[in-house]
Amino acid sequence: DPREAALERAIVGNNVALVELEAPDGDRERAVALLTEARDVRRAHGDLRGVAAGVANLGNLAFAQDDFAAARNHFAEALAVETDLGHVFGIARALNNLGETLERLGDDARALRLYAGARHLFAELGHDYAAYTESLLQALARRTGTTREEIDGLRAALVGHSAEEVAAAVWGKNLERR
């Protein structure tokens, strides 16, 4: 089956790219090329989970290289795809990644909302990442002078909403798609 063969090559390319990124002397340009090709193959074959993983990996690479504008774009695309899929963990992870990225870009108010959304979803899932995201939220709140009441207000606004509604509330109603 040509589709399965193409998707298998995309998985291999993605994995080789991740090895390149972890190696001390890894070839970053090759990693970007492999990740981009894998994402494009997955998109062409309708593998949305693969697309989400691929753009998240591209975002992680851009973040590691301090290219926060590119990271933001990749994580925003990952959020849009994860939201389309209704994948709650993926939505939470994308919100957290966007929060860390926007904090680096100086958009602290939006980063706080993103952390609150990610923490809410991770907690609903019972995932350990809730504690990590809570630590990011609290550190940013301390740094910006955000009060406990303001944080509690952010949290209260998220209760009883679906993951898709949380994403729309903290990121924006027009989730960015490419």
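Keep in mind that this is a model prediction, so the values were computed, not measured. (Residues numbered from 1 in each chain as written. Predicted model: local features only at pLDDT ≥ 70, side-chain atom pairs only at ≥ 80, totals over all residues. Heavy atoms only, no water.)

(A) Quick look at the overall build of the protein chain. When its secondary structure is counted, the protein chain shows 9 helices and 0 strands. The N-to-C order of helical and strand elements in the protein chain reads α-α-α-α-α-α-α-α-α. Principal axes of the C-alpha set define a box for the protein chain whose edges measure 55 × 35 × 30 Å. Surface summary for the protein chain: the accessible area is close to 8900 Å², and the carbon and sulfur share equals 52%. With 21 positive and 29 negative side-chain charges, the protein chain shows a spacing of 3 Å between the two charge centroids. (Helix = DSSP H or I, 4+ residues; strand = E, 2+ residues; numbered from the N terminus. Areas by Shrake-Rupley, 256 points an atom, 1.4 Å probe, with all protein chains shown as cover. Lys, Arg positive; Asp, Glu negative; His and termini not counted. Charge placed at Lys NZ, Arg CZ, Asp CG, Glu CD.)

(B) Focus on the environment of L105. Following the sequence through the fold, L105 ends up in the loop between α5 (88-104) and α6 (108-125). Residues L105 and R3, 102 residues apart in the sequence, show an inter-C-alpha distance of 39 Å. Once residues within four sequence positions are removed from consideration, L105 is found in contact with F68, A69 and R72. (Contact = heavy atoms within 4.5 Å.)

(C) Highlighting unusual backbone geometry. A positive phi angle, close to 60 degrees, is found at D66, a residue other than glycine. Along the chain, D66 turns up in the loop between α3 (48-64) and α4 (68-85). In this structure D66 comes out as exposed when scored by relative accessible area, which is 55%. (Buried < 20%, exposed > 50% of the residue type's maximum accessible area, 1.4 Å probe, protein only.)

(D) Structural context of the packing of α4 against α5. Close contact between α4 and α5 brings their axes to 9 Å; oriented N to C, the two are set at 160 degrees. Relative to α5, the element α4 is oriented roughly antiparallel. Where α4 crosses over α5, the handedness of that crossing is left-handed. On α5, the residues that touch F68, A71, R72, F75, A76, A78, L79, E82 and T83 of α4 are G90, I91, R93, A94, L95, N97, L98, T101, L102 and R104. Across the contact of α4 with α5, the residue classes break down as 11 nonpolar, 4 polar and 4 charged. (Axes fitted to C-alpha atoms, helices over the stretch in contact; angles between N-to-C directions. Parallel < 35°, antiparallel > 145°, perpendicular 65-115°, else oblique. Left-handed = near helix turned anticlockwise from the far one by under 90°. Nonpolar A, V, L, I, M, F, W, Y, C, P; charged D, E, K, R; others polar.)

(E) Quick peek at the packing of aromatic side chains. A full pass over the atoms with the stated rule returns 4 aromatic pairs. Pairing F63 with F68 gives two aromatic rings, centres 5.1 Å apart and planes at 70 degrees, and the pair type is edge-to-face. In this structure, F63 and F68 share a single accessibility class: buried. Considering the side-chain rings of F89 and Y129, the 5.8 Å spacing of their centres and the 35 degrees angle between planes classify their relative orientation as tilted. Here F89, found in helix α5, pairs with Y129, found in helix α7 (residues 129-144); they are 40 residues apart in sequence, far enough to count as distant. Classification of F89 by relative accessible area gives partly exposed; the value is 21%. Taking the relative accessible area as the measure of exposure, Y129 reaches 41% and is therefore partly exposed. Taken together, the ring pairs in this structure connect F89, F122 and Y129 into an aromatic cluster. (Phe/Tyr/Trp six-rings, centres within 6.5 Å; stacked < 30°, edge-to-face > 60°.)

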